[in-house]
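So you can see what is in the structure, the chains are spelled out below.
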Protein chains: 2
Amino acid sequence: MVTPSQGFEVSSVNVPLGGRSYSIQISSGASDGFAASIRSALGDVSHVLVIADEAVDQPWAESVSAALAASGEEASPIRVSRTTVASGEPSKSIAEMDRLLQWVLQKGGDRRSVIVAVGGGVIGDLAGFIAASFARGIRFVQVPTTLLAMVDSSVGGKTGINLPGAKNMVGAFWQPSLVLIDTDVLSTLSQRSYLSGLAEVIKYGVIDDAEFFAELEDQATALVARKPAALRHAISRSCQSKASVVGEDERETSGRRAILNYGHTFAHAIEATAGYGKFLHGEAVAIGMQMAARLAVDLGMCDPSLLDRQTRLIQACCLPTTWADADPDAMLPVMMRDKKVAHGKLRFILPTKIGAVEMVGDVDEAAVRAAIVKLKS
Amino acid sequence: MVTPSQGFEVSSVNVPLGGRSYSIQISSGASDGFAASIRSALGDVSHVLVIADEAVDQPWAESVSAALAASGEEASPIRVSRTTVASGEPSKSIAEMDRLLQWVLQKGGDRRSVIVAVGGGVIGDLAGFIAASFARGIRFVQVPTTLLAMVDSSVGGKTGINLPGAKNMVGAFWQPSLVLIDTDVLSTLSQRSYLSGLAEVIKYGVIDDAEFFAELEDQATALVARKPAALRHAISRSCQSKASVVGEDERETSGRRAILNYGHTFAHAIEATAGYGKFLHGEAVAIGMQMAARLAVDLGMCDPSLLDRQTRLIQACCLPTTWADADPDAMLPVMMRDKKVAHGKLRFILPTKIGAVEMVGDVDEAAVRAAIVKLKS
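Residues numbered from 1 in each chain as written. Chains lettered and ligands numbered in written order. Predicted model: local features only at pLDDT ≥ 70, side-chain atom pairs only at ≥ 80, totals over all residues. Heavy atoms only, no water.

Going by what an unreviewed UniProt entry lists, chain A is known as 3-dehydroquinate synthase and is assigned to Rubripirellula lacrimiformis. UniProt's Pathway (unreviewed entry) comment on chain A is quoted here verbatim: "Metabolic intermediate biosynthesis; chorismate biosynthesis; chorismate from D-erythrose 4-phosphate and phosphoenolpyruvate: step 2/7." Turning to chain A, the UniProt annotation filed under Catalytic activity (unreviewed entry) states: "7-phospho-2-dehydro-3-deoxy-D-arabino-heptonate = 3-dehydroquinate + phosphate". (UniProt positions renumbered as here; feature names shortened; annotations may be inferred.)

Spelled out as structure tokens, the structure:
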């Protein structure tokens, strides 16, 4: 699916977090250099523990592991251990955390060990929490293998696991030392999963960057076809947007970070009421952004042309813009339980124009219901 | 055992950690005011989760819980839930962590909830890690109920649990919002456990504070008798010493924090080879400090009078200064596995005079053996 890459350009996005700052390196066709990048960025690397999603263990985790082991010198060898984790959300459990912690210990892990996470959001969250907790925190490197993980969970330091019935309820803010993104790695990703990641890319345009949104309108066809240059640019701008937001609100205390939830209150309710599995996360986010934009138009907060442009861009990315089965009676109770509800009042991140959003508290329930119903077709 | 307290004096030690700074309040006979102190220091308190050592659930956890529940007003009630944990190190397990996290969730815990830990080091470590991990970190308050926890684990933010065969291998640095110490709370502590805590108090005098060491020499009898004024002063100076060290090296990265390990490399080897349970931790620390001081004298680093003064003070506190069964052949291998060993070389924190220590690397094994053997009698 991936167009062969054109060269070895590597661009880099800095995530500015004081002493916890780190760099995201973005390339095409340069995954052979991951081992060298890790050694160069981290310095003292003598023991590496690779935790990989079973679906991408071959070829990506295996090749990074082999390259790391081979890059050691006689005077400073690098020990590399590797384990795989079952794909999917159920792996983010305390049982799996227990297994991985004991594996790290058994492999001789200590404070100077480095964890390398190879996979999508599930692996990043799980392996990141292992890194945050083992010996009260060791270094970790993320090699995201899905577009969603590249543009979302690779920035921000949120790690965690689930409790029964409560997603991401346990975890830590723990920043990686380095994130290595290569568009070639997406070759093992299905087209549906790939497109789903584009919903989050579009989100950054709407909430933070009108120029980027216009570029996406131009580049939609190239992105759907996974053209490396368009993809690197989209990933880079998305990571920049998220990095600037996270840099202002690392621990989600000021409220600034909430703008990243644009479309997500609706999306979580869509995922929950459609039955988990019907929509991929990005697909639900696409429809959720449509509902949020519709609500903003109805509330007189923005011009109807915003919704039109967003609709066309989402469609150009082959993502859904409506949901025929949307049921406000089912969705509202889920939304009321959402973390972004304060004291029983619904709060939303709503756009005022392309590139700018506001947090709106105390939104009238009838208006929310109307927005949901209008997006049934 | 405790002399009735004389009043309601409350002194306070600040732990200077920037945005994570907090206060340690030290009193006698003022535990009735704990609920008011928590509300005053934390502000928004509407949901409190009390995690208590079963041995001190009555009366201390029960009374704090009741006072908190009663201190809510009609407009802002305080919900209080309470659970107990079995006394002892085995409770610092992933299984117990799992149980407590699910308990917090089931009781309706969210980001604004507050955990109150009532107990000694085990409870502080375990409940602190729950607070660090639930919802990626919520506030917690420590009510230490042992002298050791008051002067040691109440300062520094180290939280954690054990893996099989690896103590404190999993955890987080997570600072409390407030520590509430009242000497009356020690009334439920056995005299042997109480005295064991004095070893850490003496440690602060040796490593950091010659004036305090001299005060301890004057006050040893009062301390053994648990006189509240002497005890408050000893706790306060100990917390100040640890706070100043931790303030310079919060995450144990600069090496400064290592001075707190004076006597502890020997102590861990004593505990491991005597069989866990023969010595309380503080008793092993007392003997360990003797071995370290002996080693320093033998290496010509300090005057023999240092060892004499330390011996007399430890004896005055009714703690052991020798161990007839000490076996260097058994202790050395344990010490070589200690975290403070770098690249196979033994490192020690050794005194140069009362109130000052240095980290010494590459100590000759024969000198270490000799120090152990000399402390057999």
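Moving on: the sheet that holds strand β5 (residues 114-119) of chain A. Residue and element names in this part refer to chain A. Across the sheet, which stays open at both edges, the seven strands sit in the order β1-β2-β9-β6-β5-β3-β4 with mixed pairing between neighbours. Only two strands of the sheet have a single partner each, and these edge strands are β1 (10-15) and β4 (79-85). Strand-to-strand, the axes of this sheet are offset by a mean angle of 15 degrees, without reference to chain direction. Where strand β6 (residues 139-144) meets strand β9 (residues 178-182), two bridges bridge the pair, whose relative direction is parallel. Residue pairing in the sheet places Q142 in a bridge with V179 of β9. Set on the sheet, helix α1 (residues 34-42) makes contact with β2 (22-27), β5, β6 and β9; between it and β9 the angle comes to about 160 degrees. Here helix α3 (residues 94-106) sits on the sheet in contact with β3 (47-53), β4 and β5, set at roughly 165 degrees to β4. (Pairing = 2+ DSSP bridges. Helix = DSSP H or I, 4+ residues; strand = E, 2+ residues; numbered from the N terminus. Axes fitted to C-alpha atoms, helices over the stretch in contact; angles between N-to-C directions. Contact = heavy atoms within 4.5 Å.)

Our focus in this paragraph is the interface of chain A and chain B. When the parts of a complex come together, some accessible area is lost, and that lost area is often used as the size of the interface. At the interface, 28 residues of chain A touch 28 residues of chain B. Here chain A and chain B share an interface that buries about 2500 Å² over both sides, 61% of which is from carbon and sulfur atoms. For the chain A face of the interface with chain B, the top three residues by lost area are I94, R136 and M169 of chain A, together amounting to 27%. Across the contact surface, chain A and chain B share two salt bridges. Across the pair R111 of chain B and E252 of chain A runs a salt bridge whose closest N-O atoms are separated by 3.7 Å. On inspection of chain A and its partner chain B, the count reaches eight residue pairs in polar contact (both at pLDDT 80 or more). When contributions to the side of chain A that touches chain B are tallied by element, the ones reaching two or more residues are α3, α4 (121-133), β7 (158-163) and β8 (166-173) of chain A. Counting residues per element, the side of chain A that touches chain B draws most heavily on β8 of chain A, which supplies seven residues. (Buried area = accessible area lost by both parts, 1.4 Å probe. Salt bridge = Lys/Arg side-chain N within 4 Å of Asp/Glu carboxyl O. Polar contact = N/O pair within 3.5 Å; in protein donor to acceptor, adjacent residues only side chain to side chain.)

Moving on, we come to the relation of the copies chain A and chain B. At an RMSD of 0.0 Å, chain A and chain B line up after a rotation of 180 degrees and a shift of 0.0 Å along the axis. The symmetry that links the two subunits is that of a two-fold axis. Minimal C-alpha separation from the rotation axis in chain A is found for I94 of chain A, amounting to 4.0 Å. Interface overlap between copies is the fraction of interface residues in one copy that are interface residues in the other; for chain A against chain B it reaches 100%, indicating a shared surface. (Least-squares fit on C-alpha atoms with pLDDT ≥ 70 in both.)

Our next topic: the domain arrangement of chain A. Residue and element names in this part refer to chain A. Structurally, chain A comprises domain 1 (10-188) and domain 2 (195-374). Averaged C-alpha coordinates put domain 1 and domain 2 at centres separated by 28 Å. If you look at the interface, domain 1 gives 27 residues, while domain 2 gives 23 residues. Across the domain 1/domain 2 interface, buried area totals approximately 2200 Å², and carbon plus sulfur atoms make up 67% of it. The largest per-residue losses of area from domain 1 upon contact with domain 2 belong to L147, V151 and F173, which jointly make up 27% of the total buried on that side. (Domains from an automatic or database assignment.)

On inspection of all chains with the given rule, the structure shows 42 salt bridges over all chains. Residue R237 of chain A is joined to E215 of chain A by a salt bridge in which the shortest nitrogen-to-oxygen separation is 3.8 Å. Of this pair, R237 of chain A sits in helix α8 (residues 228-248) while E215 of chain A sits in helix α7 (residues 210-224), placing them 22 residues apart in sequence. By relative accessible area, E215 of chain A is classed as partly exposed at 22%. Across the salt bridge formed by D298 of chain B and K374 of chain B, the nearest N and O atoms sit 3.0 Å from each other. Here K374 of chain B lies in helix α13 (residues 365-374) and D298 of chain B lies in helix α10 (residues 281-298), a separation of 76 residues in the sequence. For D298 of chain B, a relative accessible area of 31% corresponds to the partly exposed category. K374 of chain B gets classed as partly exposed once you look at its relative accessible area, which sits at 42%. One salt-bridge network, in which partners are shared between bridges, spans D209, E211, E215 and R237 of chain A. (Buried < 20%, exposed > 50% of the residue type's maximum accessible area, 1.4 Å probe, protein only.)

Further remarks concern the side chain of R226 of chain A. Residue and element names in this part refer to chain A. Following the sequence through the fold, R226 ends up in the loop between α7 and α8. At 2.9 Å, the side chain of R226 forms a polar contact with the backbone oxygen of L186. One polar contact links the side chain of R226 to the main-chain carbonyl oxygen of L189, over a distance of 2.9 Å.

Residue and element names in this part refer to chain A. For the bond from Q58 to P59, the omega torsion is 5 degrees, close enough to zero to count as cis. By the element assignment, P59 lies in helix α2 (residues 57-71). The phi angle at A135 is positive, at roughly 50 degrees, despite the residue not being glycine. Structurally, the position occupied by A135 is in the loop between α4 and β6. Phi is positive for D362, close to 55 degrees, though the residue is something other than glycine. Inspection of the secondary structure puts D362 in the loop between β11 (356-360) and α13 (365-374).

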